[in-house]
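# Breakdown of the fold
Listed below are the residues making up each chain.
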Amino acid sequence: MTKYKMRRIYITLAAVMMVGMMTACSASDAGSTGSTVVERTASEAEKDVTSDNETIQKEEKSEHFTERDLKQTADTEGAEKINLTSGQDISITSEGVYVVSGSAENVTITVEAGDEDKVQIVLDGVNVNNTGAPFIYVKNADKVFVTTGDGENTLKVTGEYKADGDTELDAVIFSKDDLVLNGTGVLNINSSDNAVSCKDTLKITGGTLNVSCSGNAFEAHDAIKIADGTIKITECNDGLHAEDSDDDSIGAVYIRGGAFDITASDDAIHATTTIDIDGGEFTLDARECIEGTYIKINDGSFVIKASDDGINAAAKSDEYTPTFEMNGGEVTITMGAGDTDGVDSNGNIYINGGTISITGQSSFDYDGEAVYNGGTVIENGKETNTISNQFFGQGGDFKQGGGHPDGNFPTDGTQPDENFQPDGNFPTDGTQPDGNFQPDGNGTQPDENFQPGGNMTPGQNRRQRPGQMQEQNQEQNQEQNQEQEDDTI
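None of the values given here were measured: they were computed from a predicted structure.

## Some details on the nonpolar core
Judged by nonpolar contacts, the single largest core of 87 residues is most densely connected at Phe135, Phe218 and Ile356. The element that contributes the greatest number of residues to this core is strand β5 (residues 118-131), accounting for 5 residues. Contact partners of Ile356, with chain neighbours within four places excluded, come to Phe324, Met326, Val331, Ile333, Val343, Ile351, Phe364, Thr376, Val377 and Ile378.

Structure representation (structure tokens):
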């Protein structure tokens, strides 16, 4: 049950109790005199409950972000100011706004507030260098905001992180509850493991974030949601990573805007369940740039460079069928050499709009169906407006207003057209050649001793065309006749 639903229950119960108490008080005080009694009618109490419910519903209707999530400046009137000192940890135990400034080494801010408390930490010119410990550690709260002021802030953690009991601390900013990163300034994070780790939902709505780490730049269990911001990630394992290893029904990424420059050794954007992108500018360089179960691109500009799959809809969650769906935007994918795919889906591919341009050996690879309904598809510089399949005959089903290739060779001797791309499989009723075999076009299979590009080894039997065999037999007969004549002489 969500916190919002719990609040509805509490408010409803409170309204019932208030109505009952007011009714009782009105009855008992009706005849009393000599004192001022302020009464609130049941209708007034109900109005307050209605107002609270409307506020809650407004937050829920936003679906992804609340008004406070999107507000880039904090209300610092009455805020507590904290000046950092090396070696002195700070504990925050109640709701409020805390403005933090100064340079220090080995200092951790620990948030351990109430379940309904919202804590906002404003970084105002912070420079911290820790060894084996996070700078911000959220143990408990309803939500924590980390907001950058107009200046620049730098957080660095080196060495191996130390655990807090059963909790494996592994990030410069580590939170067990909802976390929001926003602001108008710059936040530089350098980590020997992860940069930001959230065990609930992580939101980024503004600011400039520069990250370098050996682990994941931004990771969350439930979801990563990004509304805006400038994000540059270098030398990390994954850029954005949403996953709960114990529950494959969660772990989603939603992006509606922002500028992203991500270089990662594994995935630039990774989610267990869904990746929904409604906008943004993306420059991605990774082994696989976008990987999730259901990937939907509605808008945005993408420049993708991948050494494996540019976009990979993989079977990571039982909740969804692996699918890549494109409805808008501009996607440019450049693939590395080898067995790589521009778009690889363990299920389906749907292209309904936008422009996708792929340069590489294989544009698409899918196991389910592929449907082209609109948009522009460019393969190696040529507009095709089709969804080809690298591996025909493996369940792939391309649909475009008519028949689709099934990958089977014709049995009536009909030659394929110039656009036909074979699947690379040899017939199963003959001996398989090695990787260097070049067929002569007659369909004859070489035997197991065939060695291309060189002379025959004695004792080997190399298959030849009938004309070649006849000529060789004539030469052999002439040689035998000559030998017989020489023996006779």
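## Describing the confidence of the model for the chain
Low pLDDT marks regions whose predicted coordinates should not be analysed in detail. A residue-level look at the chain finds 67% of positions with pLDDT of 70 or above and a mean pLDDT of 80. In the model, residues 1-61 has pLDDT below 50 throughout and makes 32 contacts with residues more than four positions away in sequence or in other chains. Of the regions scoring below 50 in pLDDT, residues 452-469 engages in 16 contacts with residues more than four places distant in sequence or in other chains.

## A few points about empty space enclosed by the protein
The tally for this structure, following the rule as stated, stands at 1 cavity of 30 Å³ or more. Counted as a void, the largest cavity has a volume near 30 Å³. If you trace the largest cavity, you find it lined by Val146, Thr148, Leu181, Asn182, Leu187, Gly206, Gly207 and Leu209. Residue assignment for the lining of the largest cavity shows that the elements contributing at least two residues are β7 (143-148) and β10 (178-183). Across the lining of the largest cavity, the residue classes tally to 4 nonpolar, 4 polar and no charged.

## Some points on the environment of Ala315
Assignment of secondary structure puts Ala315 in the loop between β27 (309-313) and β28 (323-326). Measuring from C-alpha to C-alpha, the distance between Ala315 and Thr273 comes to 8.9 Å, with 42 residues separating the pair along the chain.

## Describing unusual backbone geometry
One non-glycine residue, Glu235, lies in positive phi territory at about 55°. Considering the arrangement of structural elements, one finds Glu235 in strand β17 (residues 230-236). Unusually for a residue other than glycine, Asn380 sits at a positive phi of about 50°. On the secondary structure map, Asn380 appears in the loop between β35 (376-379) and β36 (382-383). What makes Asn380 partly exposed here is its relative accessible area of 47%.

## Considering the sheet that holds strand β12 (residues 194-198)
Spatially, β2-β4-β6-β9-β12-β15-β18-β21-β24-β27-β30-β33 is the arrangement adopted by the 12 strands of the open sheet, whose pairing is parallel. Only two strands of the sheet have a single neighbouring strand rather than two, namely β2 (90-92) and β33 (364-366). The average angle at which neighbouring strand axes cross in this sheet is 10°, direction not considered. Note that strand β21 (residues 267-271) and strand β24 (residues 288-292) share 3 bridges and pair parallel. The residue of β24 that forms the bridge with His270 is Glu291.

## Quick look at the packing of aromatic side chains
Each aromatic ring pair is summarised here by two numbers: the centre-to-centre distance and the angle between the ring planes. Going through the model one piece at a time under the given rule, you end up with 4 aromatic pairs. The interplanar angle of 70° and the centroid separation of 5.9 Å between the aromatic rings of Tyr137 and Phe174 together place this pair among those described as edge-to-face. Taken as a pair, Tyr137 in strand β6 (residues 136-140) and Phe174 in strand β9 (residues 171-175) lie far apart in primary sequence, 37 residues in all. A relative accessible area of 5% places Tyr137 in the buried class. Ring centres of Phe282 and Phe302 lie 4.5 Å apart, and the angle between their planes is 5°; this geometry places the pair in the stacked category. Of the two residues, Phe282 sits in strand β23 (residues 281-286) while Phe302 sits in strand β26 (residues 301-306), which places them 20 residues apart along the sequence. By relative accessible area, Phe282 is classed as buried at 2%. Given a relative accessible area of 1%, Phe302 falls into the buried group.

Definitions and limits used
- Residues numbered from 1 in each chain as written.
- Predicted model: local features only at pLDDT ≥ 70, side-chain atom pairs only at ≥ 80, totals over all residues.
- Heavy atoms only, no water.
- Core = buried A, V, L, I, M, F, W, Y, C linked by side-chain atoms within 4.5 Å.
- Buried < 20%, exposed > 50% of the residue type's maximum accessible area, 1.4 Å probe, protein only.
- Helix = DSSP H or I, 4+ residues; strand = E, 2+ residues; numbered from the N terminus.
- Contact = heavy atoms within 4.5 Å.
- pLDDT = per-residue confidence, 0-100.
- 1 Å grid on protein atoms, 1.4 Å probe; cavity = no way out; pocket = protein on both sides within 12 Å on 5 of 7 lines; lining within 4 Å.
- Points joined across faces, edges and corners; volume = space filled by probe spheres on them.
- Nonpolar A, V, L, I, M, F, W, Y, C, P; charged D, E, K, R; others polar.
- Pairing = 2+ DSSP bridges.
- Axes fitted to C-alpha atoms, helices over the stretch in contact; angles between N-to-C directions.
- Phe/Tyr/Trp six-rings, centres within 6.5 Å; stacked < 30°, edge-to-face > 60°.

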